[in-house]
Every structure is written in structure tokens, then in C-alpha cells.
Amino acid sequence: MLRVTAPSEKPRFLSPLAKGYLVMLMVLLIWSGLALTVRGISMSPLQFIDVALIRFAVPVILFAPFISAHYAEIKRARVSDLLFILLGGIPFLLFAALGAETAPTAYVGTILAGTPPLFVAVLSFVVYRKSLPIKRALALSLILMGVVVMVVGRSDVMSANIHHGVLYLLSAAIVWAFYTIGLIRAGLSAISVAIILSYSSFLIVLTLLLLGVFPTSLGSFSWQDALPFILVQGLGIGVLATLGFSYAVQRLGSAKSSVIGSISPSVTALLAVPIFGESLTVAIVGGILLTIAGVILSNRI
């Protein structure tokens, strides 16, 4: 005897948790691409200001339809928080680019992705008197130890330029920490943040171009030269990583998302071997592992 069954719901191939992990893995690869493209600026025909123009022009175009829907939310934000958010634009990109000119790619990935949690905790303690438990302070100190191991471990081949590069990268990480604090204080949606950051930074870039503050190669490089920066800096960092990280935090929580993100330096260092011909020394591997351990432990306390 045949039995008729009621139509069932369409099966879900991926749970919200699984989607969160997949999106965060995408963000992880994009973050690694950020370090690689910043390192690649000095090896390309593009100048810093050209890459900055690409970085912010792409989200300016793509987020234009959302301005009216998010205008009221943006208008309610405090000026001090907006200024902190703007630090994640031109200032961060400039310090990162200056550091990447001389520092190895593994340094770029480790310092930019690994040290901001340390600086966020320190700045929150110093500026806002937010408590910092001893256990978490010890866990965060592993991040600093990781950077020290990388620098000291290669002291025999470290030039003054590389030391300057490390200082620039640390400055970029501190600037990113202020940006993170601004995000927390403002409490804006991911799209509102992207609109503020991209439009304000785009206007700043145009002003700098018109004033001739930075040299430019506009008109003298091809679309093929610009394509990696369009895909990674503009579309990847400017749009996908901004929205993807917000989605992942909603599905996984900030702790799990930060732990997955801490793997970024390892991915960057591995990709730098075939792309830039860089080697993985014991000091670099040790520094990366200490940084990752510091991020993971600090998010578990």
C-alpha cells in the first residue's frame, strides 16, 4: 500500500554556525591578502596614493545605494568615535605601507594581525581605566614576546631600514587599535562603518592628490597592474572583509572569530614563500606561534 507523505522543508546544507566558520575563513584569506598586497606596493608600478584611491573608491561605488538607509544611524554617532574610526583608513594604510617597504612579509602579517588585541587592551586600561586581569595581561604579553623573538632572532641580518619597518608596522597596529575602540564605542552597523570610512577616506585621498602631497603613477600603469589591488584592497578589504567579519562575529562570537583570525600571520608567511621568495626561519615561526598563542589564550580568559 502506498503511503503519501507531506512535503517536507528543504534540507539545510549548512547550519548558521557552519556558515559563520566559512565566512570567517574567507575573511582570514582576505586579511592575508592585505599583508601581501601592502608588501607588493613597493614592487609594483603603483604608488601608495594610487592604491589608497583604489582601496576606498571601490566601496564608495558599491555602498552608494545604502547611504540613505543608514544616514540617520551615522548622524547619531559621536564626533570622537568617528575620528577614531577614520584612523582605520589613510593613517593605517600609510603606516602599513611604509612598514611593508622594508620588513619581511611574515612581519607584516604577524604585527598587523596579531598585535592589535594587545594594544586595544593597553589603551583601554590607560585611557579608559578598564580593568585588565593579570591572567589576560600575561596571555597578551605572549604577543609582544612573539614580535621580540622575530626581531631578535634575525638581529644578525636586520638593517636599520627593517627596524624602521617594524616601528611603522607597530604604529599601524596602534592606529588599528584606536580604530577598534572607536568601533566598540560607536556601536554602528558594519555597513555604516564602511560608508563612513570609505567616503571620508576617499575625500582625503582626492585632497592629497590635488595638493600633490604624495607622488602618483595615475595614467602610467595598466589594468593588469591595478587588478590585484582592486580585488584585494578594494573589493576584499573594503567590502567583503568588513561585512564578513561582522557576520562571523554574529554567528560565532568575537572570541572564536578572533582566534580564527589569529591564524592569518601563518597563512601570510606561507604564501610569502612562493610569491616573494622569502624564507621561514626558526625565529619567524616561533614568533608567529607565540603571537597566535597569545591571541587564543587572551580570548579564553
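Note that the structure is a prediction, hence the values are computed from the model and not measured. (Residues numbered from 1 in each chain as written. Predicted model: local features only at pLDDT ≥ 70, side-chain atom pairs only at ≥ 80, totals over all residues. Heavy atoms only, no water.)

**Side note on the environment of leucine 93**
Rule in force here: Runs of E in the DSSP output that reach at least two residues are strands. Runs of H or I that reach at least four are helices, and both are numbered from the N terminus. When a residue's accessible area, from a 1.4 Å probe over protein chains only, is under 20% of the maximum for its type it is buried; when over 50% it is exposed; and in between it is partly exposed.
Among the secondary structure elements, leucine 93 is positioned in helix α5 (residues 90–100). Overall, the relative accessible area of 4% leaves leucine 93 in the buried class. Through-space distance from the C-alpha of leucine 93 to that of alanine 172 is 7.5 Å; in sequence the pair is 79 residues apart.

**Remarks on the side chain of threonine 37**
Quick note on the threshold: Pairing of N or O atoms within 3.5 Å defines a polar contact, subject to two protein rules: one partner must be a possible hydrogen donor and the other a possible acceptor, and residues neighboring in sequence count only if both atoms are side-chain atoms. Contact criterion: two residues are considered in contact whenever any of their non-hydrogen atoms come within 4.5 Å of each other.
Assignment of secondary structure puts threonine 37 in helix α1 (residues 16–40). Judged by relative accessible area, which is 8%, threonine 37 ranks as buried. Of note is the side chain of threonine 37, whose polar atom sits 3.1 Å from the side chain of glutamine 233. Look past the residues within four positions of threonine 37 in its chain and what remains in contact with it is Pro228, Phe229, Val232 and Gln233.

**A look at the packing of aromatic side chains**
Inclusion rule: What counts as a ring pair is set by centres within 6.5 Å for rings of Phe, Tyr and Trp (its six-membered ring), and what kind of pair is set by the plane angle: stacked under 30 degrees, edge-to-face over 60, tilted for all other angles.
On inspection of all chains with the given rule, the structure shows six aromatic pairs. Ring centres 5.3 Å apart and planes at 70 degrees place the aromatic pair phenylalanine 84 and phenylalanine 178 in the edge-to-face group. Of this pair, phenylalanine 84 sits in helix α4 (residues 79–86) while phenylalanine 178 sits in helix α9 (residues 160–186), placing them 94 residues apart in sequence. A residue is classified by how much of its surface remains accessible, and phenylalanine 178, at 24% relative accessible area, is partly exposed. By the ring-pair criterion, three or more aromatic residues cluster together here, those being Phe92, Trp176 and Tyr179.

**Concerning helix α11 (residues 223–252)**
How we decide: Each helix should span, by expectation, one fewer than its residue count multiplied by 1.5 Å. To get the bend at any residue, fit one axis to the seven residues that end at it and another to the seven that begin at it, then take the angle between the two axes.
The end-to-end C-alpha distance of α11 is 38 Å, clearly below the 44 Å that 30 residues give at a rise of 1.5 Å each. Roughly 55 degrees is the biggest bend found in α11, and it falls at glycine 236. Within α11, the full set of buried residues consists of Ala226, Phe229, Gln233, Gly234, Gly236, Ile237, Gly238, Val239, Ala241, Gly244, Ala248 and Leu252.

**Examining the side chain of glutamine 233**
Mapping glutamine 233 onto the fold places it in helix α11. Setting aside its immediate chain neighbours within four residues, glutamine 233 contacts Leu34, Thr37, Val38, Val51, Arg55, Leu93, Pro228 and Gly238.

**Focus on a nonpolar patch on the surface**
Where we set the bar: For patch detection, residues must exceed 30% relative accessible area and be free of salt bridges, and they are connected within 9 Å for like charges or within 5 Å for nonpolar side chains (Val, Leu, Ile, Met, Phe, Trp, Tyr). The accessible surface values rely on the Shrake-Rupley method and a 1.4 Å probe; as for residues, cover is taken only from the protein chains in view. A pair is scored as a salt bridge if a Lys or Arg side-chain nitrogen falls within 4 Å of a carboxyl oxygen belonging to Asp or Glu.
A cluster of nonpolar side chains, Met26, Ile61, Leu62, Leu227, Leu231, Leu235 and Leu240, forms an exposed patch at the surface whose accessible area comes to about 590 Å². For the nonpolar patch, the secondary-structure elements that each account for two or more residues are α2 (48–62) and α11. At four residues, α11 tops the list of elements feeding residues into the nonpolar patch. One can find leucine 240 in helix α11. Of the residues examined, leucine 240 reaches a relative accessible area of 35% and is grouped as partly exposed.

**Describing the packing of α2 against α5**
Angle between the axes and distance between the axes are the two parameters that describe a pair of packed helices. To keep it simple, the criterion reads: To define axes, lines are fitted to C-alpha atoms, for helices over the stretch in contact only, and angles between the resulting N-to-C directions are given on a 0 to 180 degree scale. Working rule for angles: under 35 degrees goes down as roughly parallel, over 145 as roughly antiparallel, 65 to 115 as roughly perpendicular, anything else as oblique. For a crossing to be left-handed, the near helix must be turned anticlockwise from the far one by less than a right angle; the clockwise case is right-handed. Any residue that is not Ala, Val, Leu, Ile, Met, Phe, Trp, Tyr, Cys, Pro, Asp, Glu, Lys or Arg is counted as polar, Gly included; the first ten are nonpolar and the last four charged.
Between α2 and α5, whose axes approach to 11 Å, the crossing angle comes to 140 degrees. With respect to α5, the element α2 is oriented oblique. Along this stretch, α2 crosses α5, giving a crossing that reads as right-handed. The residues of α5 that touch α2, namely those facing Phe48, Ala52, Arg55 and Phe56, are Ile90, Leu93, Leu94 and Ala97. Among the residues making up the contact of α2 with α5, the classes are represented as seven nonpolar, no polar and one charged.

Function cannot be read off these values alone, since they describe shape.
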